[in-house]
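Commentary on secondary and tertiary structure
The chain contents come next:
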Amino acid sequence: MTGTATDASTYAGRPLGEIEEALKDVIDPELGVNIVDLGLLYGLRFGDDSVLEIDLTLTTPACSLTDILEAQIDETLKYLVDNHNLTWVWMPPWGPECITDDGRDQLRALGFNI
């Protein structure tokens, strides 16, 4: 990971809440729900070097969609932050309990029984 995490919640006028909201535009191609509401976003912070640090997981470590998600994240963040670093995190393992209520509603609307 680049730099040391700080408690800063904004950088260049961009609060982390705004960035997290923007990341809801990143859709998991298998499930059709955004990465935030699926609970795949494990961490979001600015390092000492003002680089946005993103900790992200997948529903399974064997998932082959990392390139697709990375491209979507790059596109989503290109006008929000100068630099970001994405770290894939596998612990704790993702589980259905990570899904938000909005995510559960979205999955039900898509026909999933959750």
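All of the points below concern the structure found in this document. (Residues numbered from 1 in each chain as written. Predicted model: local features only at pLDDT ≥ 70, side-chain atom pairs only at ≥ 80, totals over all residues. Heavy atoms only, no water.)

1. A word on the nonpolar core
This is how it is decided: We call a set of buried residues a nonpolar core when its members are Ala, Val, Leu, Ile, Met, Phe, Trp, Tyr or Cys and they connect through side-chain atoms within 4.5 Å of each other. Between buried and exposed lies partly exposed: a residue is buried under 20% and exposed over 50% of the maximum accessible area for its type, with that area taken using a 1.4 Å probe on protein chains only. The numbering of helices and of strands both runs from the N terminus, where a helix is a DSSP run of H or I of at least 4 residues and a strand a run of E of at least 2. Any two residues having at least one pair of non-hydrogen atoms within 4.5 Å are treated as being in contact.
Of all hydrophobic cores here, the largest spans 29 residues; its most connected members are Ile-19, Leu-23, Ile-35, Leu-52, Ile-73 and Leu-77. If you list the elements that add at least two residues to this core, you get α1 (16-22), β3 (41-46), β4 (52-56), α2 (66-77) and β5 (84-88). Here Leu-77 is in contact with Ile-19, Leu-23, Leu-52, Ile-54 and His-84, once residues within four sequence places are set aside.

2. A closer look at the pairing of β3
Going by this rule: In this scheme, strands are said to pair when DSSP sees at least two bridges between them.
The buried count for β3 comes to five of six residues, which makes it a mostly enclosed element. Inspection of the sheet shows β3 paired to β4 by five bridges, in the antiparallel sense. Each bridged residue has a counterpart across the sheet, and for Leu-44 the counterpart in β4 is Ile-54. If you look at the hairpin formed by β3 and β4, you'll find five residues sitting between the two strands, and Ser-50 has a positive phi there, around 65°.

3. What about the sheet that holds β5?
For clarity, the cut-off: For helices, the axis comes from a line fit to the C-alpha atoms of the stretch in contact; other axes are also lines fit to C-alpha atoms, and the angle between any two N-to-C directions lies between 0 and 180 degrees.
Sheet architecture is open: three strands sit in the order β3-β4-β5, paired in mixed fashion. Unpaired on one side and paired on the other, β3 and β5 mark the two borders of the sheet. Strand-to-strand, the axes of this sheet are offset by a mean angle of 15°, without reference to chain direction. Sitting on the sheet, α2 touches β4 and β5, and the angle it makes with β5 is about 155°.

4. Examining the packing of aromatic side chains
Applicable threshold: For this analysis, a ring pair means two rings from Phe, Tyr or Trp (six-membered ring only for Trp) whose centres lie within 6.5 Å, classed as stacked if their planes differ by under 30 degrees, edge-to-face if by over 60, and tilted for the remaining angles.
For the structure shown, the criterion picks out one aromatic pair. Summarising the aromatic geometry, the rings of Trp-88 and Trp-90 are spaced 6.4 Å apart at their centres and angled 15° between planes, so their arrangement reads as stacked. When its relative accessible area of 34% is taken as the criterion, Trp-90 is described as partly exposed.

5. Thoughts on the environment of Trp-88
Our working definition: Polar contact is the term for a pair of N or O atoms within 3.5 Å; when the atoms are in protein, one must be able to donate a hydrogen and the other to accept it, and sequence-neighboring residues count only if both atoms are side-chain atoms.
Turning to its location among the elements, Trp-88 is positioned in strand β5. Here the alpha-carbon distance between Trp-88 and Leu-41, two residues 47 residues apart in the chain, equals 9.8 Å. Leaving out residues up to four positions away in the same chain, Trp-88 has contacts with Leu-56, Thr-57, Leu-58, Thr-66, Leu-69 and Glu-70. Of the polar contacts made by the side chain of Trp-88, one reaches the side chain of Glu-70; its length is 2.8 Å.

6. Concerning unusual backbone geometry
Here the amide bond leading from Met-91 into Pro-92 is cis, since omega sits at -5°, within 30 degrees of zero. Along the chain, Pro-92 turns up in the loop between β5 and α3 (101-109). One non-glycine residue, Ser-50, adopts positive backbone phi at about 65°. You can see Ser-50 is positioned in the loop between β3 and β4. Residue classification places Ser-50 among the partly exposed positions, given a relative accessible area of 26%.

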